[in-house]
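Reading the structure
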Amino acid sequence: MYEQVSHSLLNEILTDLKPNILAQDLSHFYTRLGANFYSIYSLFNTLYGKRDDFKQQMHKLVETMARQYIQRPPHLKQSDVERENDHNWFLSQEWVGMALYADGFAEDLPDLLQRVHYFLELGVNMVHLMPMMLCPAGARDGGYAVSDFRHIDPRFGTLEDLQKLTAAFHKHDILLTLDVVLNHTSDEHEWAQRAREGDSKYQDYYYIFANREVPDMFEVTMPEVFPETSSGNFTWDESMGKWVMTVFNDFQWDLNYSNPAVLIEMVDVILYWANKGADILRLDAVAFLWKKIGSICQNEREAHLLLQLMKDCCQVTAPGVLFIAEAIVAPVEIIKYFGEDAINAKECEIAYNASLMALLWDAVATKNAKLLAQGIKSLPDKLERATWLNYVRCHDDIGLGFDDNDIRAVDYEPYAHRQFLIDYYTGIYNDSTSLGLPFGHNDKTGDTRISGSLASLIGLEAALHFGDQSEIDDAIKMILLLHGIILSFGGIPLLYYGDEIGTLNDNSYLQDPAKANDSRWAHRPRINWEKAALRNTPGTVENKLFSGLKKMIAVRKEIAAFADFNNRVLLDVGNPHLFVFARFEQNFPTNRVLVVANFDSAPQHLNLEDIAHKIHFHGDVIRDLYSGETPAMFNDELVVPPYQFYWLTNK
Ligand code: GLC
């Protein structure tokens, strides 16, 4: 939009740009800046307009974008233009992701480079490398306590090693996803060190208070993220003699985004990693970016404005780069991280589908899909050009973040139902063979989250221990079923490394004092490559899982109806054990796939004629695209074996 005030400021800023910037070919940059400037200005003005240095800060922001644009390598500029021309590229069903620690999946970055063939073998073409930026020795929260945003921790290798890996990824059309930890720094970051030394410029980078007056006001409404290990949201810093806001661990200092200098620094970091070849940036803990006394300090409107601003800036300098919102919050809040009042995504193009993840675990424990179907029904529609990251588990704990209204709607009592799930997954419940571990128990609220590898949570570890073949088979089926859903739901499926070979809990973290009090390490394994080699030995657990997933991935990539264009219809089939939805091909809506999953231990029946009128799916000739076979019918009804899923077509 053309608007006089902002554009006269833009002219002023452009005239003032340093000669070395002006001397460059900035034609694409100028076009994009012109298109986005009114939005950038309005957001910056809403957040920082009252400050005396507003104009100066705007100058700095534009200069940062221009400087990074100049540094953007030509091949990435080329890919920006290609992606602008093919702007729905990331909605395609061809993408399949995996999240991993470079020093868990492999030894380090050079070793990871030797293992790229594994992704090609499985069909994974989007790899999220967990954070690798410099962190202090002990207090690093798995890489999320960063002490230098631009340096790779030597444990992983060097920036050059990462560049080599990036080049190999790009050669094989594998997308690279990297983290940017926006909400906090380590207390050993230079900014924190300078603040400690009394430098007021850097004290303004954080929320620092001389006494408890303001912290106490905040504490009234702020929940605790790590209640067991880091209670409260403020930490006393002895050397400063002041209180610092530390929402996560006491060594993670929250950045103060009411200071525009912080925003500009972090935009610079985002663009730095974009220029190093990241295709996608995972923005960590975005719900927490803005703090307000009297609120829970999550999902504030200003947090959204900051993300919109970051997106606008990234679109000017590196428009081919996508953002993932890591906002593990209530279902109605997550969806807002795509952007709210636009047709197209204005914040992050991708968001973790934490709602689906938690609902899947509910279905596993209850053996029915009542809450799963209800929760999905309640999910608001996404914007266009926005997509989910669908996952079964990730490096974090599993939080039971369902909406209480949904729980009640399916006749459970919220507190008791959550308690059942906690008992189920921690193996306390009688019928459970799950070997999960409690995480983040909060005495005040009774809340507990769950750690543990997929295989151990689902009962594979216990079944292997007792040598119970039928339970082993059931666990394998259930692991495949869960993936059958995330691969067909709509969005980018994100596998978690090790799950493809049934990696069990790793309790060695208990020997390491820096990890012992964080049960999430039980499911952050070091891959045993001898075990992984068994994927090639028919009959092994590893082979059944790996080959099942490999096939599923290959088939997914061929099914255009699995691309994500809000082309899913949930079907109520009157059988709580079945989760059923249909996917339609965007350009040929008569091409449909019916996804049917049975969470129960007994076979279930589905009368296809009952749903035929809703989706024009006729049961006369049907085929399961995953197995390539015609499923069993009895009395004209589809029979779905225990823990089985189908991707049905009637073509
Ligand atoms: C995110 C990360 C989690 C980390 C937290 C604090 O939620 O996924 O692992 O502990 O942020 O940085």
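Presented here is an overview of the structure given in this document. Here the structure is a predicted model, which is why all the values come from computation and not from measurement.

1. Considering the packing of aromatic side chains
Taken as a whole and assessed by the stated rule, the structure comprises 42 aromatic pairs. Taken together through their ring pairs, the aromatic side chains of Phe-105, Tyr-118, Phe-119, Phe-169, Trp-529 and Phe-546 make up a single cluster. A cation sits over an aromatic face here: Arg-150 above Tyr-272, 5.5 Å from the ring centre. The ring of Phe-323 has Lys-311 sitting right over it, with the charged end atom 4.2 Å from the ring centre.

2. Observations regarding the state of the cysteines
The full count for this structure, using the stated rule, is zero disulfides. Here Cys-348 stays unpaired: no disulfide links it, and the sulfur of Cys-314, its closest cysteine neighbor, is 10 Å away. On the accessibility criterion, Cys-348 (0% relative accessible area) is buried. Considering cysteine sulfurs only, Cys-348 is the nearest to Cys-394, which forms no disulfide, with 16 Å between them.

3. Digging into helix α25 (residues 608-615)
Turn by turn, an α-helix covers 3.6 residues, leaving residues three or four places apart pointing in a common direction. Residues of α25 that are buried include every one of Leu-608, Ile-611, Ala-612 and Ile-615, and no others. Seen along its axis, α25 keeps its buried residues to an arc of 130 degrees; they face one direction. Taken together, the buried residues of α25 touch β18 (568-571), β19 (578-584), β20 (592-598), β21 (604-606) and β24 (637-640). One side-chain oxygen at the N-terminal end of α25 lies 2.9 Å from the backbone nitrogen of Glu-609; it belongs to Asn-607. Once α25 ends, the next one or two residues include His-616, with phi positive near 50 degrees.

4. Digging into a negative patch on the surface
Taken together, the side chains of Glu-609, Asp-610, Asp-620 and Asp-636 make up a negatively charged region of the molecular surface. Of note, Asp-610 is situated in helix α25. Of the residues examined, Asp-610 reaches a relative accessible area of 49% and is grouped as partly exposed.

5. Some points on the pairing of β18
In this structure, β18 lies alongside β19, joined through four bridges in antiparallel fashion. When the sheet's bridge partners are listed, Leu-570 is paired in β19 with Phe-581. Where β18 folds back onto β19 in an antiparallel hairpin, the turn is made up of six residues, including Gly-574, whose phi is positive at roughly 70 degrees.

6. Re the site of the ligand
Neighbouring the ligand are 13 residues; Asp-141, His-184, Asp-284, His-395 and Asp-396 lie closest to it. Arg-282 has a polar side-chain atom sitting 3.0 Å from an oxygen atom of the ligand. Between an oxygen atom of the ligand and a side-chain N or O atom of Asp-284, the distance comes to 3.0 Å. Here the ligand, which alone exposes 300 Å², has 95% of that area covered by the protein. Here the residues of the shell around the ligand sort into three nonpolar, three polar and seven charged.

What counts, and at which threshold
Residues numbered from 1 in each chain as written. Predicted model: local features only at pLDDT ≥ 70, side-chain atom pairs only at ≥ 80, totals over all residues. Heavy atoms only, no water. Phe/Tyr/Trp six-rings, centres within 6.5 Å; stacked < 30°, edge-to-face > 60°. Lys NZ or Arg CZ within 6 Å of the ring centre and 35° of its normal. Disulfide = S-S within 2.5 Å. Buried < 20%, exposed > 50% of the residue type's maximum accessible area, 1.4 Å probe, protein only. Helix = DSSP H or I, 4+ residues; strand = E, 2+ residues; numbered from the N terminus. Arc of directions from axis to C-beta. Contact = heavy atoms within 4.5 Å. Polar contact = N/O pair within 3.5 Å; in protein donor to acceptor, adjacent residues only side chain to side chain. Patch = residues over 30% accessible without salt bridge, like charges linked within 9 Å, V, L, I, M, F, W, Y side chains within 5 Å. Areas by Shrake-Rupley, 256 points an atom, 1.4 Å probe, with all protein chains shown as cover. Salt bridge = Lys/Arg side-chain N within 4 Å of Asp/Glu carboxyl O. Lys, Arg positive; Asp, Glu negative; His and termini not counted. Charge placed at Lys NZ, Arg CZ, Asp CG, Glu CD. Pairing = 2+ DSSP bridges. Near = heavy atom within 4 Å. Nonpolar A, V, L, I, M, F, W, Y, C, P; charged D, E, K, R; others polar.

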